[in-house]
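# Coordinate inspection notes
What follows is each chain in one-letter form.
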Amino acid sequence: MHFGLTADQELLAASARDFLAAESPPATVRRIVEDDAGVSPELNAKIAQQGWQGMLVPEEYGGQGLGVLDAAVVLTELGRFLTPTPFLSSAVLATTLLSIAASAAQRRRWLPRLASGEMLATVAWLEESDRLDPAGIALRVRRARDRFRLSGSKLFVLDAQMADLYLLAARTAAGQGRDGVSLFAIPRDATGISLTPLHNFDRTRRLFEMRFDDVVVDRDQLVGREGKAWPHLERMLNVACVAIAAESQGGAERALELAVEYAKVREQFGRPIGSFQAVKHLAAECFAEIEPSRSLLWYAAWAQQGASKEASRAASMAKARLGDVYSRTTNKSVQIHGGIGFTWEHDVHFWFKRAKSNEVLFGGPDFHRERVAALSGW
Amino acid sequence: MHFGLTADQELLAASARDFLAAESPPATVRRIVEDDAGVSPELNAKIAQQGWQGMLVPEEYGGQGLGVLDAAVVLTELGRFLTPTPFLSSAVLATTLLSIAASAAQRRRWLPRLASGEMLATVAWLEESDRLDPAGIALRVRRARDRFRLSGSKLFVLDAQMADLYLLAARTAAGQGRDGVSLFAIPRDATGISLTPLHNFDRTRRLFEMRFDDVVVDRDQLVGREGKAWPHLERMLNVACVAIAAESQGGAERALELAVEYAKVREQFGRPIGSFQAVKHLAAECFAEIEPSRSLLWYAAWAQQGASKEASRAASMAKARLGDVYSRTTNKSVQIHGGIGFTWEHDVHFWFKRAKSNEVLFGGPDFHRERVAALSGW
Amino acid sequence: MDLSFSKEDEKFRREVRAWLRRHLPRRNDALEGGEDLSYDSPERISAAKAWQRTVHDAGYVAIGWPKEFGGQEASIERQSILNEEMVLHRAPGLIGHLGLRMLGPTLIQCGTEAQRRRFLPKILTADELWCQGYSEPGSGSDLASLKTRAELDGDSFVVNGQKVWTSTAQYADWMFCLVRTDPEAPKHRGISYLLIDMKSPGIEVRPLVQMTGRAGFNEVFFTDVRVPRENLVGELHGGWTVANSTLAFERNMLASTTRTQQLMDDLLGLARRRTRNGSKVTRCPATRQKLADLVIRVEAMRYHSLQQLSDEIQGRRGGVSASINKLVTTELNHDICAAALDILGDYGPLMGRTPHAEDRGTWPKDWMFTLGMIIGGGTSQIQKNIISERALGLPRGA
Amino acid sequence: MDLSFSKEDEKFRREVRAWLRRHLPRRNDALEGGEDLSYDSPERISAAKAWQRTVHDAGYVAIGWPKEFGGQEASIERQSILNEEMVLHRAPGLIGHLGLRMLGPTLIQCGTEAQRRRFLPKILTADELWCQGYSEPGSGSDLASLKTRAELDGDSFVVNGQKVWTSTAQYADWMFCLVRTDPEAPKHRGISYLLIDMKSPGIEVRPLVQMTGRAGFNEVFFTDVRVPRENLVGELHGGWTVANSTLAFERNMLASTTRTQQLMDDLLGLARRRTRNGSKVTRCPATRQKLADLVIRVEAMRYHSLQQLSDEIQGRRGGVSASINKLVTTELNHDICAAALDILGDYGPLMGRTPHAEDRGTWPKDWMFTLGMIIGGGTSQIQKNIISERALGLPRGA
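Residues numbered from 1 in each chain as written. Chains lettered and ligands numbered in written order. Predicted model: local features only at pLDDT ≥ 70, side-chain atom pairs only at ≥ 80, totals over all residues. Heavy atoms only, no water.

Further remarks concern the overall build of chain C. When helices and strands are tallied, chain C shows 11 helices and 10 strands. Since a compact globule built from 398 residues should have a radius of gyration of about 21 Å, the 22 Å found for chain C is in line with a globular shape. Projected onto its principal axes, the C-alpha coordinates of chain C cover approximately 75 × 50 × 45 Å. Taking as baseline every contact in chain C between residues at least 6 positions apart, the subset at least 24 positions apart corresponds to 72%. Across chain C, the mean location of the 52 positive side-chain charges is 4 Å away from that of the 49 negative side-chain charges. (Helix = DSSP H or I, 4+ residues; strand = E, 2+ residues; numbered from the N terminus. Rg over C-alpha atoms; globule rule 2.2 N^0.38 Å. Contact = heavy atoms within 4.5 Å. Lys, Arg positive; Asp, Glu negative; His and termini not counted. Charge placed at Lys NZ, Arg CZ, Asp CG, Glu CD.)

Here is the structure:
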């Protein structure tokens, strides 16, 4: 009976925290946030040197072969520091999808390069309908002899500006159900692809619209069996939930710390505002939500190795809960900061916005609560 | 432009408050609460002497011919003092129903006696399904030559132990819709009626199961047109919503007062607990909900004279809002009282229970919010 | 209860409506921006000044002011009708509102004849814009602890210190300002109320960018700024009284709840338009519950404002109604915007005029701005302190 | 992460289960009552004593205690397994729990050899029942301000004063009690810890009826009650330390969240069974949202308890975990009961065994009882103070 991190995982957490404190302090985050492209190749390279991009890549493909809980440990720290880097999109989501769906040849082709950070990938899933169920994938890919052709668009594609490979979910057969959903790996330089940045308020994370104008796709770019990609996407969705919950856990911890630090020094009416019961209780309420949510997160990460229904249920629980907790914590943190918390100059608004962005990414709390209800059989 | 009570209504409120402070202090309420039957004939007689029982009865039938807002003024005070008396059941609900549904002959027969308090009436609506829509009325009345016969039961009948006349909603034709719902006035002494008290925790208000065992009903006991009673019930439902909201307004005001009075004198850590910000803010939050809810209540009472859709919408808004506000206020009031608030000996629990009982009576907040949504056309 | 206005007042309402239909600027980018209309370019400022002048020419600026100072001594009813119609027609706000709502009434009550003659006319026409110099870095909720010093030196005060959260300072011509003139006195007693020309040497304005990305307020630094003694309003060291005794000549009870109602209408419009997870938003029972709850809270505040208006017409005092309005309305506005983001899902965080941003990205911006409104102008916590002490009589304590 | 127990521990769990299947009282009214099982009749008390004796005979009482005092020095894992299984099987609680959880460990740590020999065996067998005399009318959250006086007079203390909220005092044989022995000393330093025979002359117990209608706790009045000096535990004037230094020998982290989980299961059972407004409760999307939210909060606390258990096994300190558990679990329990009342509609307020009361009327009773639990044992506000000061390091201030 051991509920918690292993010694290795604790070491990983501590070293990640030290590394990010040095390499991704608020000033660095701010620089990337205010950068047009929102990319720091230097930071990405340093992170790749840590081996994090290959964390989930099986050892045979040059990765560390670690599990979702290990990734969650790193994501908690990335969330704490709001580090703008394509870890989630490439090292977690695209890597997970390729690992479970791709052929051995495809894995050999891409995974080692993803593991080293030499290449980045991202997943293009959502469309205008903003639906995470099979009906949300409506983009039609048509066969043209031994190739595929597609036209249409995808929305809310993470880190598309730096990805070298897009994992595209699309329909190879008519319908709205699970069957007929296929996955394609499309290189950045394919003819007919265009990107439009979406100006989301969380500038630590960039989203794009991708348009496909009669893009031609070769047969060997089909990932997994034609029409059978939905279960893979659903499994990736679970990992995404855990990953974003982990980021939110770290972010919520930091947002509360910021508020507490501020409340200890800021004085009003001749004493620190942190001595006023109203402020103390706001902070205590946050703490009493954040501590149990960490346990839920760890459980959900750990459960990804098990049966798919419990993995889904636990992932949705963590995603729903951390979505609420992170948003509530940052809202209270801004309020504890008072006017200064409303300025661009102070850092706390970055967490406030990230909380909302994490809350909606890959399904909001109500979507995941409904999923928990359905998976619970009621 | 005048939003508020008239001078007459303000006078009514003040005199009702003085009267009830004298005649229905906590000790009196406690005595009735702890009484098996839950009735005080003396108190009821004194209230009848105030003319309140005839408040809504048209002047031609010996009443005062006042409106719903006037009744709401009195109900606010009755709710403030938790006075256990059949004002709601007889003077408001049954009187409203008879006034709008009954024939002139029936009105002449019953209204003067209701107005004087010489007779009490109550409405039997809900059944086991606990539904407030037409389908909730399933009790079947069958015609037997020129009479009606019925068997079955009604639930949650208010003040049935003291009513002389029951206004029964039942079906005279098969179906689940609005058509086929009829209203019957059944005297207390009709053969085949039996009452079972339901032990609801709010002892200031008694509820009963009524069983009808082949009760025979004469034709002249049919109130209004056969099968066409639903619109009358719906109008009465609106009045019930406003009435209960008014009680809740008075109750919430008093529950907050009790907490504030206690917080001013109870000391902990060497000072009144009302000087602690946590307590102050709880109380302020209650106050900031209670004040606007009074305006909503007055508007809803006033709107009962107007178009039926706005009357329904306003009534449901007041019922939903006051249901939440009263329950929240009493919960906080108990918490501000601490341990003493959890004892039978202290009075605050009577308001706490009444709040929940008011919240569910004639539809809980979610039912009425859904009704608001439907009536708003979305 | 009688929710109708008199025939004359209803005629006035029709006149206002007719005027608005003729004069309301059509789709004008310079005068739009959701909750948070900021005057962040010369074009916006001059468009806004022009709008105030148009309204003034029609006689609709400061109608509650005494006639001798350019007002019409309009009844509370008419002020409310005018303000309500302005909001209902989504008319742009008046850029000179700080002068109109704050300084003007103060001068009418506490100013000298010379001050009134000098300043009031240009407040009405927006020829001079004002900003408010109250808050300081060390004194937020505890305003009276302000530290900006003003020392009398001959015929003028010499001002040193810093103000913060000074919205509009970047383009205002003048500032009305609280300064400490007697550091020895108890904190409420050593404060004076000064009018400071923003072009005076020694004033530096540094914009503070808001979390929304807009430059809404500023820090203002004073280094040996000389202010003529004649710009003192009220008694020397009596500034706290001056700042707090100002009666409002504009009744805005309805305007703020009307705005909330409008925001609610916008939310309902959004809900009717959008689908979520494949079905219409308004068909989702959980969302219907949430929307109905918001509608009910909005309408309760609406009727509460009507009641306050009515009480005031009857000469009844408002008690802590301002605190209740501030507390409830700002939180409602924020909750409405938050509900919009919930409905928008992944579209929620899309700002500005990016493709796919709904309602031109006003929801996420207003969601942030309304959080700022909860904090600004006395945080919710301060309002709860006020309510618990003044309305409920709980001890000040801690 | 490894959520399994060792083979030996799982064997222990199977043994406990097998034992429970054999010995658990079948449907026994004297031992049932939802959250709020009160011993309000001689039948209930003797049934409950018999149950504790049965558990004791099986060796399952106080298994964490040192062997020399009648325990088994069982590991934290086994204590948790035992407690969890008891709750999972809805076994009645142990009537002697105050002796077992509070006084026993105190005597083991701070008592004299004579005190241990005298009292511990009868705590284990429930031959003597204990009540706790801490709270007083004037000292609720501020316990250390207690005023009940004990003066040394020869070989005995003479006790005068009053205790309140003394649950079980109406049938307890003994009370462990905090009294003031030095009124001059700072408030934490003049308190002593006494063991008082409830049959002593001068003790009067007055029952306090709870809002649920049950007599759960009491007031206890002391008039010149003589207590032999040998019944002092720890140092004279050192009672505050004694009361606070007691290490728990029973680990209950899991038991309370298991109980919460069980309450949640009951709620889900209710939801599956009932219809509301004509359709199945579990088909209503708004209710599904509410239920799922509760399930998620319950499971988060469940995993948090497992983590606390695991931390303790590894020898890590709990920090403020007791406060978090108290705060979160009591509010969750109340929210679960409130959700049940929402589902029940008009049936919600029906108590006891009245016709039509669902689940024998336990929901409304537990709804009240769980509100009491939020207040009792350190209100939520006190827990928030503790968390903000001890975990977050915010100043005590006010």
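With 42 residues of chain D at the interface, the matching set in chain B holds 44 residues. Summed over the three residues of chain D that lose the most area to chain B, namely Met-211, Asp-346 and Ile-375 of chain D, the buried surface amounts to 20% of that side. Between the two partners, chain D and chain B, sit 2 salt bridges. A salt bridge links Lys-356 of chain B to Asp-342 of chain D; the nearest nitrogen and oxygen atoms lie 4.0 Å apart. Linking chain D to chain B there are 15 residue pairs in polar contact (both at pLDDT 80 or more). (Buried area = accessible area lost by both parts, 1.4 Å probe. Salt bridge = Lys/Arg side-chain N within 4 Å of Asp/Glu carboxyl O. Polar contact = N/O pair within 3.5 Å; in protein donor to acceptor, adjacent residues only side chain to side chain.)

Looking at the element boundaries, Arg-131 of chain A is found in the loop between strand 1 (121–124) and strand 2 (141–144). C-alpha separation for the pair Arg-131 of chain A and Ser-151 of chain A, spaced 20 residues apart in sequence, amounts to 19 Å. Excluding residues within four positions of it along the chain, Arg-131 of chain A makes contact with Trp-125, Leu-126 and Gly-136 of chain A together with Asn-277 and Gly-278 of chain C. Within the local environment of Arg-131 of chain A, its side chain forms a polar contact with the side chain of Asp-133 of chain A, the two groups lying 2.8 Å apart.

Of the residues lining the interface, 46 residues belong to chain D; the matching set on chain A comes to 45 residues. Both sides together, the interface formed by chain D and chain A hides about 4,200 Å², and carbon and sulfur atoms give 64% of it. It is Met-1, Arg-288 and Ile-296 of chain D that lose the most area in chain D upon contact with chain A, and together they represent 19% of the buried surface on that side. The interface formed by chain D and chain A includes 5 salt bridges. Residue Glu-389 of chain D pairs with Lys-280 of chain A through a salt bridge whose shortest N-O separation is 2.5 Å. There are 22 residue pairs in polar contact (both at pLDDT 80 or more) connecting chain D and chain A. Listed by contribution, the elements that provide at least two residues to the side of chain D that touches chain A are helix 7 (253–273), helix 8 (285–313), helix 9 (321–344) and helix 11 (380–391) of chain D.

This part is about the sheet that holds strand 5 (residues 181–187) of chain B. Residue and element names in this part refer to chain B. Taken together, 4 strands build an open sheet; the order of strands is 1-4-5-8 and the sheet is mixed. Edge positions in the sheet fall to strand 1 (121–124) and strand 8 (222–223), since each has one partner strand and no second. In this sheet, strand 5 lies alongside strand 4 (residues 165–171) in antiparallel orientation, the contact comprising 7 bridges. Within the sheet, the bridge partner assigned to Ala-169 lies in strand 5 and is Leu-183. (Pairing = 2+ DSSP bridges.)

Right, let's talk about unusual backbone geometry for a bit. Residues and elements named next belong to chain C. Phi at His-356 takes a positive value of approximately 75 degrees, unusual for a residue other than glycine. By secondary structure assignment, the location of His-356 is in the loop between helix 9 (321–344) and helix 10 (362–375). Not every positive phi belongs to a glycine, and Asp-359 is a case in point at roughly 50 degrees. Residue position: Asp-359 is located in the loop between helix 9 and helix 10.

What follows concerns the packing of aromatic side chains. Across all of its chains, the model carries 48 aromatic pairs over all chains by this definition. Arranged with centres 5.3 Å apart and planes meeting at 80 degrees, the rings of Phe-119 of chain C and Trp-130 of chain C form a pair that is edge-to-face. Separated by 11 residues along the polypeptide, Phe-119 of chain C in helix 5 (residues 113–125) and Trp-130 of chain C in strand 1 (residues 130–133) bring together distant segments of the chain. The burial state of Phe-119 of chain C is the same as that of Trp-130 of chain C; both residues are buried. Centre to centre, the rings of Tyr-134 of chain C and Phe-176 of chain C are 6.1 Å apart; their planes meet at 85 degrees, and the pair counts as edge-to-face. You can see Tyr-134 of chain C sitting in the loop between strand 1 and strand 2 (149–153) and its partner Phe-176 of chain C sitting in strand 4 (residues 174–180), a full 42 residues away along the chain. Residue Tyr-134 of chain C shares its accessibility class with Phe-176 of chain C, and that shared class is buried. Aromatic rings pair up to connect Phe-119, Trp-130, Tyr-134, Trp-174, Phe-176 and Tyr-193 of chain C into one cluster. The ring centre of Phe-276 of chain A lies 3.9 Å from the NZ or CZ of Arg-271 of chain A, which sits over that ring. Looking at Arg-206 of chain C, its charged tip hangs above the ring of Phe-221 of chain C, at a distance of 4.0 Å from the centre. (Phe/Tyr/Trp six-rings, centres within 6.5 Å; stacked < 30°, edge-to-face > 60°. Buried < 20%, exposed > 50% of the residue type's maximum accessible area, 1.4 Å probe, protein only. Lys NZ or Arg CZ within 6 Å of the ring centre and 35° of its normal.)

Now for the side chain of Arg-297 of chain C. Tracing the chain through its elements places Arg-297 of chain C in helix 8 (residues 285–313). The residues touching Arg-297 of chain C, leaving out its near neighbours within four places in the chain, are Arg-321 of chain B together with Leu-332 and Asp-335 of chain C.

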